[in-house]
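# Breakdown of the fold
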Amino acid sequence: MTGALPALPVLLPVLGAGLTLFPLSHAVVRALSTGVLTLVLACEAALLVLADTRGPQALHVGGWPAPLGVTLVADRLSALLLTVSTLVALAVLVFAIGQGTAEDRTPSVVVFHPAFLLLITGVSLAFLSGDLFNLFVAFEVMLAASYVLITLDADENRTRAGMTYTIVSLTSSLLFLSLIALVYAATGTVTLAQLGPRLAELPDGLRGAFALLLLTVLGIKTAVIPLHFWLPDSYPTAPAPITAVFAALLTKVGVYALLRTQTLLFPRTDVWTLLACAAIITMIVGILGAIAQDDLNRLLSFTLVSHIGFMLFGLALFDARGLTGSILYVVHHIVVQAALFLAAGLVVGRTGTAALHRMAGRWPPGVLVIALFAVPAMSLSGIPPFSGFVAKLALLEAGVAQGGPVAYVLAAAALLTSLLTLYAMTRVWTVAFTARAAGHREEPPPEPDTPAARPSGTRFMFAAAAGMTVAGIAIAVCAGPLAELGERAAEDLLHPRDYRSAVLGEGDR
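Source: prediction; values computed, not measured. (Residues numbered from 1 in each chain as written. Predicted model: local features only at pLDDT ≥ 70, side-chain atom pairs only at ≥ 80, totals over all residues. Heavy atoms only, no water.)

## Overview of the nonpolar core
Heads up, the condition is: The nonpolar core is taken to be a set of buried Ala, Val, Leu, Ile, Met, Phe, Trp, Tyr and Cys residues, with the residues joined through side-chain atoms within 4.5 Å. Type-normalised accessible area, obtained with a 1.4 Å probe on protein chains alone, sets the label of each residue: buried when under 20%, exposed when over 50%, and partly exposed for intermediate values. Strands here mean DSSP runs of E at least two residues long; helices mean DSSP runs of H or I at least four residues long; both are numbered from the N terminus. Contacts between residues were defined by any pair of non-hydrogen atoms, one from each residue, lying within 4.5 Å.
Core analysis: the biggest nonpolar cluster contains 184 residues, and Phe116, Phe176 and Phe373 have the highest contact counts within it. By residue number, the principal contributor to this core is helix α13 (residues 320-351), which donates 18 residues. Sequence-distant contacts of Phe116, defined by excluding residues within four places in its chain, comprise Leu37, Ala89, Val92, Leu93, Leu149 and Val245.

And the structure:
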């Protein structure tokens, strides 16, 4: 029974998506979607325990061994990210149900739930893929589902943003497919467990070109500056729950792919200067872009771009400490970014605007809403004792332990970015929550998601946002065990013998 576990995070959402297409009542569809994600979460938690205690879990689909067939592999890193991602997806789904994103219009309820479940299918497949081609397929599944979600009941601006997102993603996909073809022509395989040793036999120039092309492809999907331009124009236009799940998961899938492929296919023994420069630029330029924004969602989107640099920080160091810091930061950021965007949805719903300067002239959104925004904002800024502080401290310790000019500059850039993030979050607090406009403060009319209009739905929204906030606090409380798990996952990345053995059955064949 445990041998089939790696298939369930992919299979169950697909089956759920198919069932939601039947002419069922809204209540049944809601129950089906949440039930499927709850079951998937339980399976992934069990998979995480198995991967941590017994080593990587591999499933050869159809009984065909690698490299002949499709292999799904769950090690500590992929199982951990699967579990956290599905937890966030479940909270976002509850928020969307409460807000009415999926059900305000009849066509939306037919499309939202299957598209959302297919998005989770793509995310799960990306984390479990044992070869480059199925990783490409996973990105395409995510692209198709995310385009549907981002253009649900879209106006002209959202349609334009969705087209930009799709065109950039398709361009990246074409580059990725070309890379897969070139790698297969040069090595005769696309199985990740086989590619490392075979790529090592290629000339250094060709191997370096493959590494650079893969970095470019995944840099687009991860929104690394200067390949980030599509994200701030696309994410803020979608409804709050859609933006939250995109911000929490999609870029992290790209980060995971970078961690997996660069350590497995292109191992290094020293600091990767090129990636370190990309991390520094991403951190600094991204947070400066956030400070310049007046729209709350665009501000958070630029902050998202900036903090991708923290995840690249640890990978650029290419040692166990750095990778542990990156893993901790990815886990922290998935939860905290979702909490911020869900809280921002509550703020916008209560004030009736996403423009900070206009929020200052309206009634504050309420103490609970402010608290739900403030806690993840402090965590993102690295204020102790929240999870952001724990993750950033791990990265800074790794940089100091590594030593050298590049590592010290990375650490300095991380500190500066944290201070600027705190300034950006303080600016939101000051302008939107505490500022008082001269004269009469305009009170916005009740929105569809305010307590006056949707009391039961609002409870779901608050519960989802509060759940993500509590999850972020739990990461800080469990920092010790989580850091130990991250260390073991980092060692797996640097020494992939067990991974290759699980896939190929013969060690490092």
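## Quick word on the packing of helix α1 (residues 8-19) against helix α2 (residues 26-54)
How two helices sit against one another is set out by the angle between their axes and by the gap between those axes. What counts is decided by this rule: Comment: axis = line fitted to C-alpha atoms, over the contacting stretch for helices; angle = value between 0 and 180 degrees taken between N-to-C directions. Should an angle fall under 35 degrees it is taken as roughly parallel, and over 145 as roughly antiparallel, whereas 65 to 115 is taken as roughly perpendicular and any remaining angle as oblique. For this classification, Asp, Glu, Lys and Arg are treated as charged, while Ala, Val, Leu, Ile, Met, Phe, Trp, Tyr, Cys and Pro are nonpolar and the rest, including Gly, are polar.
α2 packs onto α1 with a crossing angle of 175 degrees between their chain directions and a minimal axis gap of 9 Å. With respect to α2, the element α1 is oriented roughly antiparallel. Only Leu32, Val36, Leu39, Val40, Cys43 and Glu44 of α2 make contact with α1, whose side of the interface consists of Leu8, Pro9, Leu12, Pro13, Gly16 and Leu19. Its residues assigned to classes, the contact of α1 with α2 shows 10 nonpolar, 1 polar and 1 charged.

## Regarding the pairing of strand β2 (residues 71-74)
The condition that has to hold: Think of it this way: DSSP has to see at least two bridges between two strands before they count as a pair.
Residues of β2 alternate between two faces, with Thr71 and Val73 on one and Leu72 and Ala74 on the opposite face, all of them buried. Here strand β1 (residues 57-60) runs beside β2; their pairing, made up of 4 bridges, is antiparallel. In the strand pairing of β2, Leu59 is matched with Leu72.

## Description of the pattern of salt bridges
Stated formally: Note on definitions: salt bridges are taken to be side-chain nitrogens of Lys or Arg within 4 Å of carboxyl oxygens of Asp or Glu.
Counting across every chain of the model gives 6 salt bridges. Arg260 is the partner of Asp75 in a salt bridge, and the nearest nitrogen-oxygen pair spans 2.8 Å. Here the residue Asp75 occupies a position in the loop between β2 and α3 (76-99), and Arg260 occupies one in helix α10 (residues 240-265), the gap between them amounting to 185 residues. Across the pair, Arg260 and Asp75 agree in class, each one buried. Between Arg76 and Asp492 there is a salt bridge, and its shortest N-O distance comes to 2.9 Å. Taken together, the residues Arg76 in helix α3 and Asp492 in helix α19 (residues 479-494) connect sequence positions 416 residues apart.

## Notes on the packing of aromatic side chains
Applied cut-off: The pairing test for Phe, Tyr and Trp rings, Trp by its six-membered ring, is centres within 6.5 Å, and the orientation test on the planes gives stacked under 30 degrees, edge-to-face over 60, and tilted for anything in between. Charge over a ring is defined by NZ of Lys or CZ of Arg lying within 6 Å of the ring centre and within 35 degrees of the ring normal.
Tallying each qualifying case throughout the model produces 8 aromatic pairs. Ring centres of Phe112 and Phe116 lie 5.6 Å apart, and the angle between their planes is 25 degrees; on these two criteria the pair is classed as stacked. Of the two residues, Phe112 and Phe116 are both situated in helix α4 (residues 106-128); the distance of 4 residues between them amounts to about one turn of the helix. A relative accessible area of 1% means that Phe116 is categorised as buried. On the basis of an interplanar angle of 85 degrees and a centroid distance of 5.0 Å, the ring pair of Phe127 and Tyr256 is categorised as edge-to-face. Of this pair, Phe127 sits in helix α4 while Tyr256 sits in helix α10, and the two are 129 residues apart along the sequence. With respect to burial, Phe127 and Tyr256 carry one shared label: buried. Three or more aromatic residues joined by ring pairs make a cluster, and in this case those are Phe133, Phe136, Phe139 and Phe176. We note Lys221 situated over the ring of Phe139; from NZ or CZ to the ring centre the distance is 4.8 Å.

## Let's talk about the side chain of Gln262
Within the element layout of this structure, Gln262 appears in helix α10. Not counting residues up to four positions away in its chain, the partners in contact with Gln262 are Ala211, Leu214, Leu215, Ala257, Pro267, Trp272, Leu315 and Phe318.

## Examining the side chain of Thr251
Which entries qualify depends on this criterion: Two N or O atoms count as a polar contact when they lie within 3.5 Å, although within protein this holds only if one can serve as hydrogen donor and the other as acceptor, and sequence-adjacent residues are included solely when both atoms are side-chain atoms.
Within the element layout of this structure, Thr251 appears in helix α10. A polar contact is formed between the side chain of Thr251 and the side chain of Lys252, at a distance of 3.3 Å. Once residues within four sequence positions are removed from consideration, Thr251 is found in contact with Lys221, Thr222, Ala223, Leu231, Tyr235, Phe246, Leu304 and Ile308.

## Let's talk about helix α12 (residues 296-317)
Test applied: Any helix carries an expected span of 1.5 Å times its number of residues minus one.
An ideal rise of 1.5 Å per residue puts 32 Å on 22 residues; α12 measures up with 33 Å between its terminal C-alpha atoms. The element α12 is largely enclosed, with a buried count of 21 among its 22 residues. Phe318 lies just past α12 and shows a positive phi near 55 degrees.

## Some thoughts on the environment of Ala181
Here Ala181 shows up in helix α6 (residues 156-187). With 142 residues separating them along the chain, Ala181 and Leu39 place their C-alpha atoms 37 Å apart.

## Observations concerning the packing of helix α16 (residues 387-402) against helix α17 (residues 405-434)
To be explicit about the condition: Here is the rule for handedness: rotate from the far helix to the near one, and if that takes an anticlockwise turn smaller than a right angle the crossing is left-handed, while a clockwise turn gives right-handed.
Two numbers describe how α16 lies on α17: the axes approach to 8 Å, and their chain directions differ by 155 degrees. Judged on the interaxial angle alone, α17 and α16 are roughly antiparallel. Handedness of the crossing formed by α16 with α17: left-handed. Here Lys392, Leu396, Gly399, Val400 and Gln402 of α16 come into contact with α17, specifically with Ala407, Tyr408, Ala411, Ala414, Leu415 and Ser418. Residue classes in the contact of α16 with α17 are distributed as 7 nonpolar, 3 polar and 1 charged.

## So, unusual backbone geometry
Pro226 follows Ile225 through a cis peptide bond whose omega is 10 degrees. Here Pro226 shows up in the loop between α8 (204-222) and α9 (231-234). Residues Pro384 and Pro385 are joined by a peptide bond in cis, for which omega reads 5 degrees. Within the secondary structure layout, Pro385 lies in the loop between α15 (367-381) and α16. In this model, Ala223 sits at a positive phi of 70 degrees, which is unusual for a non-glycine residue. Structurally, Ala223 can be placed in the loop between α8 and α9. Relative accessible area serves as the criterion here: at 0%, Ala223 is assigned to the buried category. Not every positive phi belongs to a glycine, and Phe318 is a case in point at roughly 55 degrees. Tracing the backbone shows Phe318 in the loop between α12 and α13. Overall, Phe318 belongs to the buried group, its relative accessible area being 5%.

## Digging into a nonpolar patch on the surface
Defined as follows: Here a patch means residues that are over 30% exposed by relative accessible area and free of salt bridges, tied together within 9 Å if like-charged and within 5 Å if nonpolar (Val, Leu, Ile, Met, Phe, Trp, Tyr). The method behind every accessible area is Shrake-Rupley, applied with a 1.4 Å probe, and residues are considered shielded solely by the protein chains displayed.
A contiguous nonpolar patch, built from Leu19, Phe22, Leu24 and Val28 and spanning about 360 Å² of accessible area, is present on the exposed surface. With respect to the helices and strands, the residue Leu19 is situated in helix α1.

## Remarks on the environment of Ile150
By secondary structure assignment, the location of Ile150 is in helix α5 (residues 132-150). Ignoring anything within four residues of it in the chain, the contact list for Ile150 reads Arg158, Gly162, Ser234, Ala238, Ile242 and Phe246.

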